Amino acid sequence: MRWFRFLNFVMGGALSQGMFFVHLYGGLIVFMGYIIFDTQMIIEDVHNKRNDFVGHAQQLFIDFVGVFVRLVQILMRNADKKRENERRRR
């Protein structure tokens, strides 16, 4: 990741938008994976009679917040593009 940042700096910021998309969509995929993983761990804990309701809720809450933040960023970016296209048409 540091090499990409360095390469972006050397190229004058030409890779910034691509890096943003990789970070945004890659983070979305990672947090969705965390949700699946944490859900599986919760199921295993329940089968082993370890009922830590608060801890499980915190784990899933953090994962859902990560997904929510990235979805909001995607939706806001799409809305901005739509407004920009409408302005260009006028």
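Structure's up top.
Described below are features of the structure shown in this document. (Residues numbered from 1 in each chain as written. Predicted model: local features only at pLDDT ≥ 70, side-chain atom pairs only at ≥ 80, totals over all residues. Heavy atoms only, no water.)

## Brief notes about helix H2 (residues 16-47)
Right, on to step 1. Under the 1.5 Å per step criterion, the end-to-end length of H2 is 46 Å for 32 residues, consistent within 8% with the ideal 46 Å.
Right, on to step 2. Turning to H2, its buried residues number three or more, namely Met-19, Leu-24, Gly-27, Leu-28, Phe-31, Ile-35, Asp-38, Ile-42 and Asp-45. (Helix = DSSP H or I, 4+ residues; strand = E, 2+ residues; numbered from the N terminus. Expected span 1.5 Å × (residues − 1). Buried < 20%, exposed > 50% of the residue type's maximum accessible area, 1.4 Å probe, protein only.)

## So, the packing of aromatic side chains
We describe a pair of aromatic rings using the distance from one ring centre to the other and the angle between the two ring planes.
Right, on to step 1. One pass over the structure, following the stated rule, counts three aromatic pairs.
Right, on to step 2. Between Phe-31 and Tyr-34 the ring centres are 5.6 Å apart and the planes differ by 85 degrees, which places this aromatic pair in the edge-to-face class. Note that Phe-31 and Tyr-34 are positioned in helix H2 at a spacing of three residues, about one turn of the helix.
Right, on to step 3. The class of Phe-31 is buried, set by a relative accessible area of 17%.
Right, on to step 4. Among the aromatic residues, ring-to-ring pairing joins Phe-20, Phe-21 and Tyr-25 into one connected group. (Phe/Tyr/Trp six-rings, centres within 6.5 Å; stacked < 30°, edge-to-face > 60°.)

## Re the pattern of salt bridges
Right, on to step 1. Evaluation of the coordinates by the stated rule reveals three salt bridges.
Right, on to step 2. Asp-80 is the salt-bridge partner of Arg-83, the closest N and O atoms lying 3.1 Å from each other. With Arg-83 and Asp-80 both in helix H3 (residues 53-89), this residue pair falls three residues apart, about one helical turn.
Right, on to step 3. For Arg-83, a relative accessible area of 45% translates into the label partly exposed.
Right, on to step 4. By relative accessible area, Asp-80 is classed as partly exposed at 41%.
Right, on to step 5. A salt bridge links Glu-84 to Arg-88; the nearest nitrogen and oxygen atoms lie 2.6 Å apart. (Salt bridge = Lys/Arg side-chain N within 4 Å of Asp/Glu carboxyl O.)

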